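# Geometric and topological summary
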Amino acid sequence: MRIRIVDAFTDRPFAGNPAGVLLLDAFPDDPWLQNVALEVNHAETAFAHPLPAGGEADWALRWFTPATEVAMCGHATLATAHVLHTTGVHRGPVRFATRSGVLIATPGEDGSVTLDFPTAPLTAVGVPEGVAEALGARPLTAFDTGPDIGDLLVEVSDERTVHALRPDLKALAAHSERGVIATARAENPALGYDFVSRCFFPNVGIDEDPVTGSAHTALAPYWSERLGRSVLTGLQASPRSGRVRTEVRGERTLLSGRAVTVIEGNLLV
């Protein structure tokens, strides 16, 4: 079967977040899926297969990190939609049946893909004891992002602090189900982004995720409320870096970005 590596939330190779993508006839057993994801060894590998016509979704979709299956993944969904559209396997909007419900990916005329995801419910919490020391910066606020995301979202003082973070990942793992999202307002919006973030997910085998679509379902409502605008652009300031255009529409958040296929080959097992 064909396997592809796609860089998502970027318009150039070797940036954004790489994801493995496999289009299947049906899902093999879970150990096989997990072993392939471990072999690919990117933040997520997406597995998809077509569903019968006439249902609520067109394709079934699952995501695995090298360590476990996850309930939601934005960049691997974008990567899968990119493969479906660029190979001609599916045309127009595609509906994915996932553990997080039906997620829709719509191609744009400019080559971008827009994902329709559930908006993360944000619940203000006290900054947990030990988070500042584990993160290496003192949070100004902290929010639980709900069961689908499973992260602790914290705002720190400024963009420079986000760039400078060098967290103690072992200590950070104790403070959320998946990981910690650190964010701050952009110092210079003229550069084309409104807020900056970094995402650390040691509990699912990802020390730092390059660009995290699912995290932006929490970042978008957080910053939209503070900045007074529904449409924003976020910069995820990992070493690979990438941008996510967000639009909050009540209980749904739209995430837009581009993708580039960088590797295509045959899986022999």
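Described below are features of the structure shown in this document. (Residues numbered from 1 in each chain as written. Predicted model: local features only at pLDDT ≥ 70, side-chain atom pairs only at ≥ 80, totals over all residues. Heavy atoms only, no water.)

## Brief notes about the overall build of the protein
- Looking only at helices and strands, the protein has 6 helices and 18 strands in total.
- Compactness check: the protein gives a C-alpha radius of gyration of 18 Å against a globular reference of 18 Å for 269 residues, within 12% of the reference.
- Dimensions of the protein along its principal axes, counting C-alpha atoms only, are 50 × 35 × 30 Å.
- Residues classed as buried in the protein amount to 57% of the 269 residues present.
- Approximately 11400 Å² of the protein is accessible, and the part contributed by carbon and sulfur atoms is 51%. (Helix = DSSP H or I, 4+ residues; strand = E, 2+ residues; numbered from the N terminus. Rg over C-alpha atoms; globule rule 2.2 N^0.38 Å. Buried < 20%, exposed > 50% of the residue type's maximum accessible area, 1.4 Å probe, protein only. Areas by Shrake-Rupley, 256 points an atom, 1.4 Å probe, with all protein chains shown as cover.)

## Considerations on empty space enclosed by the protein
- Within the structure shown, the criterion is met by 1 cavity of 30 Å³ or more.
- Considered as a void within the structure, the largest cavity measures approximately 60 Å³ in volume.
- For the largest cavity, the full set of lining residues is Glu-44, Met-72, Cys-73, Gly-74, His-75, Arg-178, Phe-201, Ile-206, Asp-209, Thr-212, Gly-213 and Ser-214.
- Looking at the lining of the largest cavity, the elements with two or more residues in it are helix H2 (74-86) and strand E14 (206-209). (1 Å grid on protein atoms, 1.4 Å probe; cavity = no way out; pocket = protein on both sides within 12 Å on 5 of 7 lines; lining within 4 Å. Points joined across faces, edges and corners; volume = space filled by probe spheres on them.)

## Focus: the nonpolar core
- Ranked by size, the top nonpolar core spans 48 residues in total, and within it Trp-63, Phe-96 and Leu-115 carry the most contacts.
- At 6 residues, the largest contribution of residues to this core is made by H2.
- Residues Ala-137, Val-180, Ala-186 and Val-196 belong to the second largest nonpolar core, which totals 20 residues. (Core = buried A, V, L, I, M, F, W, Y, C linked by side-chain atoms within 4.5 Å.)

## Quick look at helix H6 (residues 216-227)
- Of all 12 residues making up H6, 10 are buried, and the element is well covered by its neighbours.
- Of the residues trailing H6, Gly-228 is marked for its positive phi of about 75 degrees.

## Observations concerning H2
- The end-to-end C-alpha separation of H2 is 18 Å, in line with the 18 Å expected for 13 residues at 1.5 Å each.
- With 12 of 13 residues buried, H2 is to be regarded as a mostly interior element.
- For H2, the complete set of buried residues consists of Gly-74, His-75, Ala-76, Thr-77, Leu-78, Ala-79, Thr-80, Ala-81, His-82, Val-83, Leu-84 and His-85.
- Backbone geometry just downstream of H2 places Gly-88 in the positive-phi region, at approximately 80 degrees. (Expected span 1.5 Å × (residues − 1).)

## Some thoughts on the layout of surface pockets
- In this structure, the largest pocket occupies an estimated 200 Å³ of space.
- In terms of lining residues, the largest pocket is bounded by 15 residues, among which Phe-9, Thr-10, Asp-11, Gly-242 and Arg-243 are the most central.
- Its boundaries defined by the atoms lining it, the second largest pocket holds a volume of some 160 Å³.
- The wall of the second largest pocket is formed by 13 residues, among which Val-70, Ala-71, Ile-149, Glu-177 and Arg-178 lie closest to the centre.
- Tallied by class, the residues present in the lining of the second largest pocket amount to 6 nonpolar, 2 polar and 5 charged. (Nonpolar A, V, L, I, M, F, W, Y, C, P; charged D, E, K, R; others polar.)

## Focus on the packing of aromatic side chains
- Per the counting criterion, the structure on display carries 5 aromatic pairs.
- Between Phe-195 and Trp-223 the ring centres are 6.2 Å apart and the planes differ by 10 degrees, which places this aromatic pair in the stacked class. Here Phe-195, found in strand E13 (residues 195-201), pairs with Trp-223, found in helix H6; they are 28 residues apart in sequence, far enough to count as distant. Trp-223 shares its class with Phe-195; the two are buried.
- A centroid spacing of 5.2 Å and a plane angle of 90 degrees characterise the contact between Tyr-222 and Trp-223, whose relative ring orientation is edge-to-face. Both residues of the pair, Tyr-222 and Trp-223, count as buried.
- Feature note: the residues Phe-143, Phe-195, Tyr-222 and Trp-223 constitute an aromatic cluster, connected by ring pairs. (Phe/Tyr/Trp six-rings, centres within 6.5 Å; stacked < 30°, edge-to-face > 60°.)

## Here we look at the pairing of strand E4 (residues 59-64)
- The element E4 is extensively covered by neighbouring structure, given that 6 of its 6 residues are classed as buried.
- Burial along E4 is two-sided: the face carrying Trp-59, Leu-61 and Trp-63 and the face carrying Ala-60, Arg-62 and Phe-64 are both buried.
- As paired strands, strand E3 (residues 44-50) and E4 are joined by 6 bridges and run antiparallel to one another. The partner of His-49 across the bridge, within E4, is Ala-60.
- Looking at chain direction, E4 and strand E6 (residues 94-98) are connected through 2 bridges and run parallel. (Pairing = 2+ DSSP bridges.)

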